[in-house]
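# Observations on chain architecture
Here's the letter readout for the chains.
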Amino acid sequence: MELIGTSAALFVAGVVLALALPLPSVAKRTLLLAANAAFLWFFDPLAPLLFLATALAAYGVARLAARGVHGVALGALCVPLLVPLFLPKLSFFTDAGVVASGAASTGNMVGVRVAYFIGASYYTLRALHFVLDAGRKRALHLPLFDYLVWNSFFPTVMAGPIERADHFRLSYASLGRPTREDLAAGTAKIFTGLLKKVVIGGLLAQWALPITTFGALRPGGGMAGAHMAWHEAWVALYAVALYAWMDFAGYSDLALGVSRFMGLRLAENFDNPYLRPSIADFWKGWHLSLSFWIRDYLFLPMCGRSASKVRPHLAALGSMVLCGLWHGPNLGWGLWGLAHGAGLSIHHAWTLKLRSHFKLKKKLAQSLAWRVFGMALTFHFVALTWTLVSIDATRMGLTVAYLRLLFGLA
Amino acid sequence: MAADVRESLRTYFTGKIGGDRSLLPKDGESLVEEGILDSFGLAELVALLEQDFGVKVPDSDIQLATFESIDRIADYVTARRA
């Protein structure tokens, strides 16, 4: 089933209307769980079963964590939960059909996967959040049935947001009972989502073709992009950077909009990431649900409780490399994570320096020119990191060739 | 006791901004919004609270919102000691 198309629209409309029927709450919840299972089933009949196995295993671990199992024992119990996260992305599991139809249409460049693991990248992260929070708070956010509804929630199962259980719970009682405000906000979100993903994203995808097809062999011989001028290379780079934002933010808007029609209020996932004056601020606007997941469950635990000046830098590098490998376990995504980790680390070192000249720091923060400079620098840094994964994340030679084109060195 | 904690925190954060106490925000104002405390600085702050103030900070509390301002941190230390 395509993510945006007639069958998807009919499916969403059917679920929204069915949930609006005057049914008892338990019936609405059961209906939504069935819809979630059907959504996964459309991709592969085995997908709901694999979700169920992973989710039930995670729930069992979460119960143990809530009872006090922690440290190495909890870590060991979590390891099997990582299997559906990485196994389908390994090359020997590659399914060419899904690469073409499934992964590409999610728009978040998650790489290859087989159909029966569809959604695993996201439902596994949600499950791990559930387990780790259970350990920290000595309590479960949701009972089993509602946990399954939340973790398989179909608007978010394919490409996020990674809605947190405690936030999901806030509006869960309103399931199937949208207010007028929900309907208005949902309509606006769906409109902006379609505008971003279909209209603007569609245009940008065309302009980004010189980079996304760079290095491909042409039917008549030769390599695509071999004779590209440097300014064409920059236009394509800007287009791919903006495409990644519009496409992904558009999908998130659609997920939020559809959820509002069901009476559910999910957390925002994007907030003008390219208008941020630093790389640290960029991650407060880009894929927020993932960014906060990385911060809370990787970066901060890696920092520990230490006064070490070096450890936060290592934690930034480590957590961002893992973030990259989550997108795809290959060299390109690993380097992408390393670049972002290094960017955050360098920015922190700069911040510390500037903070010790606090008067100057405040003055710069109020300067429009300084903010614009920061935005331009951040945007170009992020755009350049897209070259690591937009061409061919497994062939860095092509990325190097493209970078040479950009800087007139070809 | 609470006044001592506040004073120690003021000294700690003054050190972070180059030593000029007059530039430090008021106790109730956000250290995060002023750019004095961020995720990178949380671990060091938690280490300070645990080692110098003798409070145990559980993992679930290690977030910027818990330590938004000097007032909040002082209140947190007082509550954890109680």
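Computed from a predicted structure; not experimentally measured.

## What about the overall build of chain A?
- Tallying secondary structure elements over chain A gives 20 helices and zero strands in all.
- Relative to its length of 410 residues, chain A is compact, with a C-alpha radius of gyration of 22 Å against a globular reference of 22 Å.
- C-alpha atoms of chain A, sized along the principal axes, occupy 65 × 60 × 45 Å.
- Residue burial in chain A is summarised as follows: out of 410 residues, 50% are buried.

## Re the interface of chain B and chain A
- Of the residues lining the interface, 23 residues belong to chain B; the matching set on chain A comes to 23 residues.
- Summing the contributions of chain B and of chain A, the shared interface buries around 2000 Å²; its carbon and sulfur component is 58%.
- Contact with chain A buries surface across chain B, with Leu23, Phe40 and Ala43 of chain B losing the most and accounting together for 31% of the total.
- Our enumeration of links across chain B and chain A arrives at five salt bridges.
- Linking Arg305 of chain A and Asp59 of chain B is a salt bridge whose minimum nitrogen-to-oxygen distance equals 2.5 Å.

## Observations concerning helix α1 (residues 6–20) of chain A
Residues and elements named next belong to chain A.
- Look at α1: 21 Å from first C-alpha to last across 15 residues, which is about the 21 Å you get at 1.5 Å a residue.
- Taken residue by residue, α1 has Ala8, Phe11, Val15, Val16, Ala18 and Leu19 as its buried positions. Looking straight down α1, one finds that the buried residues subtend no more than 165 degrees of arc, so they occupy a single side. Along α1, the residues that are exposed and aim more than 90 degrees away from the buried face are Thr6, Leu10 and Leu17.
- Check the buried side of α1 and you find it contacts α2 (25–43), α9 (154–157) and α13 (230–261).

## Re a nonpolar patch on the surface
- On the surface, Phe191, Leu194, Leu195, Val198, Val199 and Ile200 of chain A cluster together to form a nonpolar patch covering roughly 500 Å² of accessible area.
- Within the secondary structure, Val198 of chain A is located in helix α11 (residues 180–207).

## Focus: the confidence of the model for chain B
- When pLDDT is averaged along chain B, the result is 93; 99% of the residues meet or exceed 70.
- With a pTM of 0.91, the predicted complex shows an ipTM of 0.92.

## What about α13 of chain A?
Residue and element names in this part refer to chain A.
- Helix length check: α13, at 32 residues, gives a terminal C-alpha distance of 46 Å against a target of 46 Å (1.5 Å per residue), a fit within 8%.
- For α13, the buried fraction is high: 24 of the 32 residues fall into the buried class.
- One or two residues past the end of α13 sits Gly263, with phi positive at roughly 90 degrees.

## Re the environment of Leu56 of chain A
- Looking at where Leu56 of chain A falls in the secondary structure, it is placed in helix α3 (residues 47–66).
- For the pair Leu56 of chain A and Val69 of chain A, spaced 13 residues apart in the sequence, the C-alpha separation amounts to 17 Å.

## Focus on the domain arrangement of chain A
Residues and elements named next belong to chain A.
- Domain assignment breaks chain A into domain 1 (6–175) and domain 2 (183–406).
- Each partner contributes to the interface: domain 1 provides 41 residues, whereas domain 2 provides 33 residues.
- On inspection of domain 1 and its partner domain 2, the count reaches one salt bridge.
- Our count for the contact surface shared by domain 1 and domain 2 stands at 11 residue pairs in polar contact (both at pLDDT 80 or more).
- Per-element tally for the side of domain 1 that touches domain 2: the top contributor is helix α7 (residues 120–137), with eight residues.
- Tallied by class, the residues present in the side of domain 1 that touches domain 2 amount to 24 nonpolar, 12 polar and five charged.

What counts, and at which threshold
Residues numbered from 1 in each chain as written. Chains lettered and ligands numbered in written order. Predicted model: local features only at pLDDT ≥ 70, side-chain atom pairs only at ≥ 80, totals over all residues. Heavy atoms only, no water. Helix = DSSP H or I, 4+ residues; strand = E, 2+ residues; numbered from the N terminus. Rg over C-alpha atoms; globule rule 2.2 N^0.38 Å. Buried < 20%, exposed > 50% of the residue type's maximum accessible area, 1.4 Å probe, protein only. Contact = heavy atoms within 4.5 Å. Buried area = accessible area lost by both parts, 1.4 Å probe. Salt bridge = Lys/Arg side-chain N within 4 Å of Asp/Glu carboxyl O. Expected span 1.5 Å × (residues − 1). Arc of directions from axis to C-beta. Patch = residues over 30% accessible without salt bridge, like charges linked within 9 Å, V, L, I, M, F, W, Y side chains within 5 Å. Areas by Shrake-Rupley, 256 points an atom, 1.4 Å probe, with all protein chains shown as cover. pLDDT = per-residue confidence, 0-100. Domains from an automatic or database assignment. Polar contact = N/O pair within 3.5 Å; in protein donor to acceptor, adjacent residues only side chain to side chain. Nonpolar A, V, L, I, M, F, W, Y, C, P; charged D, E, K, R; others polar.

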